[in-house]
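Analysis of the macromolecular model
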Amino acid sequence: MSLLPSVRRPRERAMVTLEVLRAERLSPSFVRVTLGGAELGRFRPSGPDQAFRMFFRRQGQRRLTMPTFANEAWMAQLIMQPVSRRPWVRMYTVRAIRPQLGELDVEIALHEGEHGPSPATAWALSAAPGDPVGVFDEGYTFRPAPTARRQLLVGDESALPAVLAVLDHASPDLRADVFLEVPTEADIRPGIHRPEGAVVHWLPRDDPALRPGARALEAVRGAELPAPPDYAWVAGESALATGVRRHLVNDRRLPKSAITFTGYWRHGHGSPG
């Protein structure tokens, strides 16, 4: 995930060690992993698309070795560790957090590459209660103006958890057009929580050869929106994020200041996980 300068980060952050409580296969392309532990109280909920670095063990590692620096120096510290001790680290968004129950949900989009499953996919499919996981708060980007009652939300599978969290926290009077691209029709989530005025367009690819994000970009370009949005939030594959922003600015005359766009990943340069 590539974060923009507009990200809102907390002043104080902590490296938090949790553990897997349970894991559930939601659909062919998604696994929900629920984390918890005594340190969860140090991870404070913020915006609906709250992002965090997730640290998890490589295959064969017996323990999770976390960075000790709770600032931007953590990455240099991690790189200096030998690979035998260095954990995998990926960026995810909070799908849901229940402080009163001591639980945090993360939904992982599964990805199978030329050489097998991605590290996060392999970990998610084998995650078991008690497995250690580290988290480090990276803030949030969803910041519409208080007057932005009509919104446009666009994402591929990597942004699906964030969009669903935004809808969970949305005002009941929100009017929104939501475009969600997922790998297969079986990944569509029926009955998701949303305000009555939010219209959700599910866009299954159902074609491994189709570039992720292409269907969503095409759908937004051709959409007859009932009214211009006051605010747009788009995330996912980098070409989707930049393509939607370019379309909104050039074709729909939406001010750049009213658009938040984030490239979570880049096709051909790694996977969503």
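Refer to the structure above for everything that follows.
What comes next concerns the included structure. (Residues numbered from 1 in each chain as written. Predicted model: local features only at pLDDT ≥ 70, side-chain atom pairs only at ≥ 80, totals over all residues. Heavy atoms only, no water.)

Digging into the pairing of strand S12 (residues 198-204)
- Most of S12 sits out of view: five of its seven residues are buried.
- Inspection of the sheet shows strand S11 (residues 175-182) paired to S12 by seven bridges, in the parallel sense. Of the residues in S12, the one forming a bridge with Phe179 is His201. (Buried < 20%, exposed > 50% of the residue type's maximum accessible area, 1.4 Å probe, protein only. Helix = DSSP H or I, 4+ residues; strand = E, 2+ residues; numbered from the N terminus. Pairing = 2+ DSSP bridges.)

Some details on helix H3 (residues 160-169)
- Most of H3 sits out of view: eight of its 10 residues are buried.
- Every buried residue of H3 is accounted for by Leu160, Pro161, Ala162, Val163, Leu164, Ala165, Val166 and Leu167.

What to know about the packing of aromatic side chains
- For the coordinates displayed, the defined rule picks out five aromatic pairs.
- Each ring, one from Trp74 and one from Phe136, has its centre 6.5 Å from the other, and the planes form 65°; the classification is edge-to-face. Of this pair, Trp74 sits in helix H1 (residues 74-79) while Phe136 sits in strand S9 (residues 132-139), and the two are 62 residues apart along the sequence. Each member of the pair Trp74 and Phe136 is classed as buried.
- Relative to Tyr231, the ring of Phe142 has its centre 5.5 Å away and its plane inclined at 80°; by these criteria the two rings are edge-to-face. In this pair, Phe142 is assigned in the loop between S9 and strand S10 (150-155) and Tyr231 in strand S13 (residues 231-237), connecting sequence segments 89 residues apart. An identical accessibility class is assigned to Phe142 and Tyr231; each is buried.
- Each residue in the set Phe55, Trp74 and Phe136 is aromatic and connected to the rest through ring pairs, giving one cluster.
- A cation sits over an aromatic face here: Arg58 above Trp88, 3.8 Å from the ring centre.
- Above the face of the Phe30 ring, Arg189 is positioned so that its terminal group lies 5.0 Å from the ring centre. (Phe/Tyr/Trp six-rings, centres within 6.5 Å; stacked < 30°, edge-to-face > 60°. Lys NZ or Arg CZ within 6 Å of the ring centre and 35° of its normal.)

Quick word on the sheet that holds strand S4 (residues 88-93)
- The seven strands lie next to each other as S4-S3-S9-S1-S2-S6-S5, forming an open sheet whose pairing is antiparallel. The outermost strands of the open sheet, each flanked by one partner alone, are S4 and strand S5 (96-98). Neighbour-to-neighbour, the strand axes of this sheet turn through a mean angle of 35°, independent of strand direction.
- Looking at chain direction, strand S3 (residues 51-56) and S9 are connected through five bridges and run antiparallel. (Axes fitted to C-alpha atoms, helices over the stretch in contact; angles between N-to-C directions.)

What about the pairing of strand S2 (residues 30-36)?
- Across the seven residues of S2, six count as buried, placing the element largely inside the fold.
- Across seven bridges, the pairing between strand S1 (residues 15-27) and S2 is antiparallel. Paired with Ser27 across the two strands is Phe30, which belongs to S2.
- If you look at the hairpin formed by S1 and S2, you'll find two residues sitting between the two strands.

A short note on unusual backbone geometry
- One non-glycine residue with positive phi stands out, namely Asp206, at about 50°.
- Looking at the secondary structure, you find Asp206 in the loop between S12 and helix H4 (214-222).
- Positioned with a positive phi, Arg253 is a non-glycine residue whose angle comes to about 60°.
- Tracing the sequence through the fold places Arg253 in the loop between helix H5 (238-250) and strand S14 (259-265).
- Using a relative accessible area of 66% as the deciding quantity, one classes Arg253 as exposed.

Examining the packing of H4 against H5
- Taken N-terminus to C-terminus, the directions of H4 and H5 make an angle of 10°; their axes are 9 Å apart at the nearest point. Comparing their axes, H5 and H4 come out roughly parallel. Across the interface between the two elements, Ala216, Leu217, Val220 and Arg221 from H4 touch Ala239, Leu240, Gly243, Val244 and His247 from H5.
- Residues of the contact of H4 with H5, tallied by class, amount to six nonpolar, two polar and one charged. (Parallel < 35°, antiparallel > 145°, perpendicular 65-115°, else oblique. Contact = heavy atoms within 4.5 Å. Nonpolar A, V, L, I, M, F, W, Y, C, P; charged D, E, K, R; others polar.)

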